[in-house]
Every structure is written in structure tokens, then in C-alpha cells.
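What follows is each chain in one-letter form.
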Amino acid sequence: MSKAISIPGFLLLDFGSQIRKEEKLGSGGAGCVFSGVLLDQELISQHETDRIALKLVPKSSTLSDEESKEIFLQEVSLMWYIFLSFFVFSL
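Residues numbered from 1 in each chain as written. Predicted model: local features only at pLDDT ≥ 70, side-chain atom pairs only at ≥ 80, totals over all residues. Heavy atoms only, no water.

Observations concerning the pattern of salt bridges
So, step 1. This model, assessed by the stated rule, comprises 2 salt bridges.
So, step 2. Each of Arg 20, Glu 22 and Arg 51 takes part in one network of salt bridges that share partners. (Salt bridge = Lys/Arg side-chain N within 4 Å of Asp/Glu carboxyl O.)

Take a look at the structure:
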């Protein structure tokens, strides 16, 4: 059975040393989703996988920083809601 994972502090991961972005999986109104790889051996051991998905939300030229932050936080909340669902798991 596949295991869904969560990385506490995921917003603080360093692209240079802890994660690597790979192929684009899709895009929508709030950004692009890419497959990715954890590079940090401690995180890999802790979560028993090195495969992740990354959602990159670009800075908007039409929204204020506060509006962009609110949309981003809504995306994070939605992600956690989906993650905690019994119907979502890693492949």
C-alpha cells in the first residue's frame, strides 16, 4: 500500500539542497505542479520516499502581496484538506 506523506515546515525547504523540481505535471489558475525529488537524506528516511509534488505559485502582477498571500494560504488549506482525506495517497 502506498503511503501519503506530509513534511512539516514544507514552506521552508531549500530548492538548492533539499528538493529538486522535475517535470511539469499540470497547471491551473493558481500555479503549476511539478514532480520532484527530496534530496535531504533525513527527510527521505523520515518519510520513506523521495518522490514529492511541488506547486509553484508565481507572484501576481495584478494582485497585492496581501491578496497573493491569501490565495496562497487558501491553496495550502485545500492541500491539507485533500491530504487528510482517506481517498488520497501517493503512487
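Having seen the model, we can carry on.
Let's talk about the environment of Lys 69
So, step 1. Along the chain, Lys 69 turns up in helix α2 (residues 65-83).
So, step 2. Its relative accessible area of 48% is what places Lys 69 among the partly exposed residues.
So, step 3. Once the C-alpha coordinates of Lys 69 and Lys 59 are considered, the two residues, 10 residues apart in sequence, prove to be 9.5 Å apart. (Helix = DSSP H or I, 4+ residues; strand = E, 2+ residues; numbered from the N terminus. Buried < 20%, exposed > 50% of the residue type's maximum accessible area, 1.4 Å probe, protein only.)

Quick look at the pairing of strand β1 (residues 19-28)
So, step 1. The pairing of β1 with strand β2 (residues 31-38) spans 7 bridges and is antiparallel. By the bridge assignment for β2, Ile 19 is matched with Leu 38.
So, step 2. Between β1 and β2, which pair antiparallel one after the other, the connecting turn spans 2 residues. (Pairing = 2+ DSSP bridges.)

Observations regarding the side chain of Ser 35
So, step 1. Among the structural elements, Ser 35 can be located in strand β2.
So, step 2. When residues no more than four places from it in sequence are discounted, the contact partners of Ser 35 are Arg 20, Lys 21, Glu 22, Glu 23, Leu 25, Arg 51, Ile 52 and Leu 54. (Contact = heavy atoms within 4.5 Å.)

Some points on the nonpolar core
So, step 1. Judged by nonpolar contacts, Leu 13, Ile 19, Leu 38, Leu 43, Ile 44, Ile 52 and Leu 54 together constitute the single largest core of 7 residues.
So, step 2. At the level of secondary structure, the elements contributing two or more residues to this core comprise α1 (41-47) and β3 (51-56). (Core = buried A, V, L, I, M, F, W, Y, C linked by side-chain atoms within 4.5 Å.)

Structural notes on the sheet that holds β2
So, step 1. The strand order β1-β2-β3 describes an open sheet built from 3 strands, whose pairing is antiparallel. The sheet is open, and its two borders are formed by β1 and β3, each paired with just one other strand. The sheet shows a mean angle of 30 degrees between the axes of neighbouring strands, taken without regard to direction. (Axes fitted to C-alpha atoms, helices over the stretch in contact; angles between N-to-C directions.)

Regarding the confidence of the model for the protein chain
So, step 1. Counting all residues, the mean pLDDT for the protein chain is 76, and 77% of those residues have values of 70 or more.
So, step 2. When pLDDT is averaged over each element of the protein chain, β1 comes out on top at 91 and α2 at the bottom at 77.
So, step 3. The low-confidence segment residues 1-8, where pLDDT is below 50, has 22 contacts with residues more than four positions distant or belonging to other chains. (pLDDT = per-residue confidence, 0-100.)

Section: the pairing of β2
So, step 1. Buried residues dominate β2, accounting for 6 of its 8 residues.
So, step 2. Note that β2 and β3 share 6 bridges and pair antiparallel. Considered in β3, the bridge of Phe 34 is made with Leu 54.

Brief notes about the environment of Pro 58
So, step 1. Position of Pro 58 relative to the elements: it lies in the loop between β3 and α2.
So, step 2. Under the relative-accessibility criterion, Pro 58 is labelled exposed at 59%.
So, step 3. Spatially, the C-alpha atoms of Pro 58 and Gly 31 are 6.3 Å apart, while their sequence positions differ by 27 residues.

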